[in-house]
Amino acid sequence: MDGYGIFSAENQTYCWRYGEACDLASSFDFSILGSGHPRKQEYKEACPTVVYSGQGEGISVTLSKLSPFTMVSQTVVSSLLVVLGAAGARAQQRQTLWGQCGGSGWSGPTLCVDGAWCNPQNQWYHQCIPGSGPTTAQPQVPTTTARPTTTLVTSVVASTTTSSGPVVTNPPVNPGTCPNTPSGLGSPVANQLNDPFTFHNGNKVTSKADWACRQREISELLQRYELGTLPPKPSSVTASFSGSTLSISVSEGGRSISFTVSINNRPSGAGPHPAIINFGTMGASLPVPAGVATINFNNDDIAQQQGGSSRGRGKFYDLYGSSHSAGALTAWAWGVSRIVDALELTQAQTGIDPTRLGVTGCSRNGKGAIVAGALEPRIALTLPQESGAGGSGCWRIATWQKNNGQNVQDSTQIVQENVWFSPNFNTYVNNVNQLPFDHHLLAGLIAPRALYVMENVDMEWLGKISTYGCMGIARKQWEALGALDSFGYSQVGGNSHCSFPSSQQGSELNAFIDKFLLRRSGGNTNIFRSTQTHSSFNLNNWSPWAVPSLN
């Protein structure tokens, strides 16, 4: 076939003669040309017209049959055909099921194996998942069942607290005996994680009373440098319950806000029954067993998370001001605390036991779940799913992964994506070694309460080594407290993001819910496992400090 085809990549235009290369044109990765390819300008001058579709490296190219270009030399055409042959060979590479297939900065395969399609999870991570792609479905009309209405309005007034620093929800065992937290960051910690059992002033943690003080200190440091200040309980909280809706009103400093949560799948009988607070409006991402209610919490209503423009937006900021230091994760934790307040006030009406509450969420909402469990001590069971960076992953390990060429979300990128953290954190994201904490200590704020972390070994972007290492080292805090049966970390694969793999983790999840919410015996809740061997990472090298036995 006579004529020439053209393609465009990296803002340049190229051409070649139709013929043998024509059947290679369905998909190319033209990054092999490189920014300094010597023939780019020559090809560009030869082909002034651009016909292509798609964007970025690995674009799908539409060919156009043109009249023969007499100005294109045979040398140009021949050399370009060689380049196209290499590109065509690379284009045949297809990503395996559950592997990464795109995203900002990705240079690997962008096509999936047969039977899978490339699902854009977000701007930075696309994943090959089973199926042929999304289809347009008819919206489902929800069905409702009339229920009797019960309403209770009551209030609680907290004493006024004044503090120059962040207010912490985990109080010391003996108030007044904890050391003051020194100002400043302390000495940098590189290629290892901070010692949970050494106070910021250098003193050692030797007892459970010391540990309570250390938790208070860690929470203060996290709020100071990363999360933003968690306000104390507001001066007024009122609650009412009707049908399945729990309405909550809060007043502080002359301002008031109201929000609602829905309580679904309430067990029959008088109760009281346990419940799991689910971050997000789409219902629980985990299979919640019978006997446990689900509380759907629209966390975006409290603090928005639609990118950088969301800073200071949401009902939390309506109450405390748009310039409040709290990031969205802290604001959501505050919202969970108000839900617990409301459940304490309406227990007779809701039938929910406020001492048997879990909290869960996946991905960004999984970050919210682990922070809520860390900052709200009334949560009995914390269940973050695939929370990755900013959740169960450690900043230092993610940086180490990235320095070793892995495509993982780190601190420098995450603050560009959304407003989950305090603006104060931006000062430290380029050198996380200077921080006096990492997220193994965030998890440690939950100890010895129950924590079950679910991660996805197929998603490198989430930091599969970072979460494995971070939680493996976090586990040492439960070990020191003699509470390993309250800690679980399970990293498996073969599932899409936020799709719970019941066949692999269902029995583990049920064991945690049975023991810590339903208060039934049976099942193993001392879990630390991954279906992948992380031979490049040594837990002990990253935690060279001793683990005490705290009494």
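Residues numbered from 1 in each chain as written. Predicted model: local features only at pLDDT ≥ 70, side-chain atom pairs only at ≥ 80, totals over all residues. Heavy atoms only, no water.

- Where an unreviewed UniProt entry is consulted, the chain appears under the name (4-O-methyl)-D-glucuronate--lignin esterase, with the organism given as Cercophora samala.
- Taken verbatim from the UniProt record of the chain, the Sequence similarities (unreviewed entry) comment is "Belongs to the carbohydrate esterase 15 (CE15) family."
- On record in UniProt, under Catalytic activity (unreviewed entry), the comment for the chain is "a 4-O-methyl-alpha-D-glucuronosyl ester derivative + H2O = 4-O-methyl-alpha-D-glucuronate derivative + an alcohol + H(+)". (UniProt positions renumbered as here; feature names shortened; annotations may be inferred.)

### A look at the pattern of salt bridges
Line of reasoning, step 1. Here the structure, examined in full by the defined rule, presents 15 salt bridges.
Line of reasoning, step 2. Asp-195 is the partner of Lys-204 in a salt bridge, and the nearest nitrogen-oxygen pair spans 3.5 Å.
Line of reasoning, step 3. With a closest N to O distance of 3.8 Å, Asp-341 and Lys-233 form a salt bridge. Residue Asp-341 is located in helix H6 (residues 328-345), and its partner Lys-233 is located in the loop between helix H3 (208-227) and strand S7 (236-242); the two are separated by 108 residues in the primary sequence.
Line of reasoning, step 4. A relative accessible area of 2% means that Asp-341 is categorised as buried.
Line of reasoning, step 5. Within the structure, one salt-bridge network assembled from shared partners comprises Lys-233, Arg-338, Asp-341, Glu-344, Glu-376 and Arg-378. (Salt bridge = Lys/Arg side-chain N within 4 Å of Asp/Glu carboxyl O. Helix = DSSP H or I, 4+ residues; strand = E, 2+ residues; numbered from the N terminus. Buried < 20%, exposed > 50% of the residue type's maximum accessible area, 1.4 Å probe, protein only.)

### Here's the deal with the packing of aromatic side chains
Line of reasoning, step 1. Taken as a whole and judged by the stated rule, the model has 21 aromatic pairs.
Line of reasoning, step 2. Between the aromatic rings of Tyr-225 and Tyr-428, the centroid separation amounts to 5.5 Å while the plane-to-plane angle is 85 degrees, which identifies the pairing as edge-to-face. Here the residue Tyr-225 occupies a position in helix H3, and Tyr-428 occupies one in the loop between helix H10 (411-417) and helix H11 (439-444), the gap between them amounting to 203 residues.
Line of reasoning, step 3. Take Tyr-225: its relative accessible area is 7%, and that puts it in the buried class.
Line of reasoning, step 4. What makes Tyr-428 buried here is its relative accessible area of 14%. (Phe/Tyr/Trp six-rings, centres within 6.5 Å; stacked < 30°, edge-to-face > 60°.)

### Considering the pairing of strand S14 (residues 450-456)
On any regular strand, side chains alternate: one points to one face of the sheet, the next to the other face.
Line of reasoning, step 1. Burial within S14 is extensive, with 7 of its 7 residues counted as buried.
Line of reasoning, step 2. Alternating residues of S14 divide into Ala-450, Tyr-452, Met-454 and Asn-456 and Leu-451, Val-453 and Glu-455, and every residue in both groups is buried.
Line of reasoning, step 3. Sheet topology places strand S13 (residues 381-385) next to S14; 3 bridges connect them, and they run parallel. Bridge assignment links Thr-382 to a residue of S14, and that residue is Leu-451.
Line of reasoning, step 4. Note: S14 against strand S15 (residues 487-492), 6 bridges, orientation parallel. Among the inter-strand pairings, Met-454 is bridged to a residue of S15, identified as Ser-490.
Line of reasoning, step 5. For the crossover that starts at S14, traverses helix H12 (residues 464-480) and ends in the parallel S15, the hand is right-handed. (Pairing = 2+ DSSP bridges. Right-handed = clockwise from strand over helix to strand, strands pointing away.)

### A look at H6
Line of reasoning, step 1. Given a rise of 1.5 Å per residue, 18 residues ought to cover 26 Å, and the 26 Å separating the end C-alpha atoms of H6 matches this to within 8%.
Line of reasoning, step 2. Of all the 18 residues making up H6, 17 are buried; the element is thus mostly covered by neighbouring parts of the structure. (Expected span 1.5 Å × (residues − 1).)

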